[in-house]
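Okay, here's what each chain looks like letter by letter:
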Amino acid sequence: MTIAGWRVSPPTIPPDKAAIPREDLEYFPRVREGEHPLFWEFPAYLDNPNCRWLQALKEMYAMPIVFPASLSPEAGLMLHGLIRNIKPRVIVEIGTFCSVSTHWMASALAENGGNGVIHAFDDFGPIHKGPWRDVEMLTGRLDFVKDRLAKAGLLDRVVFHPGDSPTELVKAREELARAGGVQFAFIDGDHTVGGALQDLWAVEPVLNTGGYAMLHDTYPEQCGGHEGPRHILDHLATVGAGLYESCEFYLSPLNYGMGLLRRIG
Ligand SMILES: C[S@@+](CC[C@H](N)C(=O)[O-])C[C@H]1O[C@@H](n2cnc3c(N)ncnc32)[C@H](O)[C@@H]1O
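These numbers were taken from a predicted model, which means no experiment stands behind them.

Some points on the overall build of the chain
Counting secondary structure elements, the chain contains eight helices and seven strands. Here the C-alpha radius of gyration of the chain, 20 Å, is about what a compact globule of 265 residues would show, namely 18 Å. The principal-axis extents of the C-alpha atoms in the chain amount to approximately 65 × 50 × 40 Å. Scored against the burial criterion, the 265 residues of the chain give a buried share of 40%. The contacts of the chain with a sequence gap of at least 6 include a subset with a gap of at least 24, amounting to 72%.

Rendered as structure tokens:
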């Protein structure tokens, strides 16, 4: 087809068009030898003394316990921006950990105005030392999280569901359905294939069409072999009962990866 005035001819479509494996992509950010960060650096442009929740987040990012399992400030800011734009009324968070991601989302709900709320699912169990984490929190995580969110002025935005996330989600489905369902689910809990699938399947019956599900840690080779979120992205057509479209984001300064699903059927 030619239309008068077109200035660019259509590209030639290669006969063997196929997806390029991640390792062969021309651009795929990786941390190079000797460049792995040792803590999250809170950007100076977010250091606003007049903003209570940002100051509370700044304090949290200075705590060694939040590295590296919490969202980086860069990733958190992106999540905050999505919530500001999508304007969900009901968010499900699977995997609260120390509540860094909860802060980024709850602050966006507060800035949105209205009664938006996060249902936070986590076992709130002990945090042990691990790769890149030389500190632990053996008891009291739920109290710690409540205290932090209160300091940020965000505690009233969060409903807690302590325990095994798929089990607790199934119990909470009726409550979530009565509230109009879920418009945004942030899935960052059990990262095994079975665990991530259980979390998706637990929330899916109450995830609105048009609603979003976000998966953290989608590049197993970058984030310590977490296979579950990748499996969901790669098998979306068969593991989801709903119909989804999806895209992926690179994250900084560690490219653990983020996948965004939108339920369209
Ligand atoms: C990677 S951390 C979440 C980080 C958090 N979203 C953030 O960015 O600040 C994963 C969390 O999921 C929790 N978790 C893992 N498996 C779980 C399960 N089956 N039920 C409930 N919580 C679980 C862990 O205890 C941990 O707090």
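Examining the packing of helix 1 (residues 52-61) against helix 3 (residues 100-112)
With their axes 11 Å apart at the nearest point, helix 1 and helix 3 run at an angle of 170° to one another. With respect to helix 3, the element helix 1 is oriented roughly antiparallel. Of helix 3, the residues touching helix 1 (which contributes Trp53, Ala56, Leu57 and Met60) are Val100, His103 and Ser107. When the residues that make up the contact of helix 1 with helix 3 are grouped by side-chain class, the tally is five nonpolar, two polar and no charged.

Some details on the sheet that holds strand 6 (residues 244-249)
Pairing in this open sheet of seven strands is mixed, and the strands run 3-2-1-4-5-7-6 from one edge to the other. The open sheet has two edge strands, strand 3 (158-162) and strand 6, and neither has a second partner. This sheet shows a mean twist of 15° between the axes of neighbouring strands, independent of strand direction. The strands touched by helix 2 (residues 73-86) are strand 4 (182-187), strand 5 (207-216), strand 6 and strand 7 (258-263); relative to strand 4, the strand with the most contacts, the crossing angle is about 170°.

A few points about the nonpolar core
Counting residues in each nonpolar core, the largest one holds 59 residues, and the members touching the most others are Met105, Val182, Ala185, Phe186, Ile187, Val203 and Ala213. In terms of residues, this core owes the most to one element, helix 3, which gives six residues. Sequence-distant contacts of Val182, defined by excluding residues within four places in its chain, comprise Val90, Val92, Leu176, Val203, Val206, Leu207, Asn208 and Gly211.

With respect to the site of the ligand
By nearness alone, 19 residues border the ligand, and Ser70, Gly95, Phe97, Ser101 and Asp190 come closest of all. Elements with a minimum of two residues in the shell around the ligand: helix 3 and strand 2 (117-122). Considered class by class, the residues forming the shell around the ligand number six nonpolar, eight polar and five charged.

Calculation notes
Residues numbered from 1 in each chain as written. Predicted model: local features only at pLDDT ≥ 70, side-chain atom pairs only at ≥ 80, totals over all residues. Helix = DSSP H or I, 4+ residues; strand = E, 2+ residues; numbered from the N terminus. Rg over C-alpha atoms; globule rule 2.2 N^0.38 Å. Buried ≥ 20, exposed ≤ 12 C-beta atoms within 10 Å, placed from the backbone. Contact = placed C-beta atoms within 7 Å. Axes fitted to C-alpha atoms, helices over the stretch in contact; angles between N-to-C directions. Parallel < 35°, antiparallel > 145°, perpendicular 65-115°, else oblique. Nonpolar A, V, L, I, M, F, W, Y, C, P; charged D, E, K, R; others polar. Pairing = 2+ DSSP bridges. Core = buried A, V, L, I, M, F, W, Y, C linked by C-beta atoms within 7 Å. Near = placed C-beta within 6 Å.

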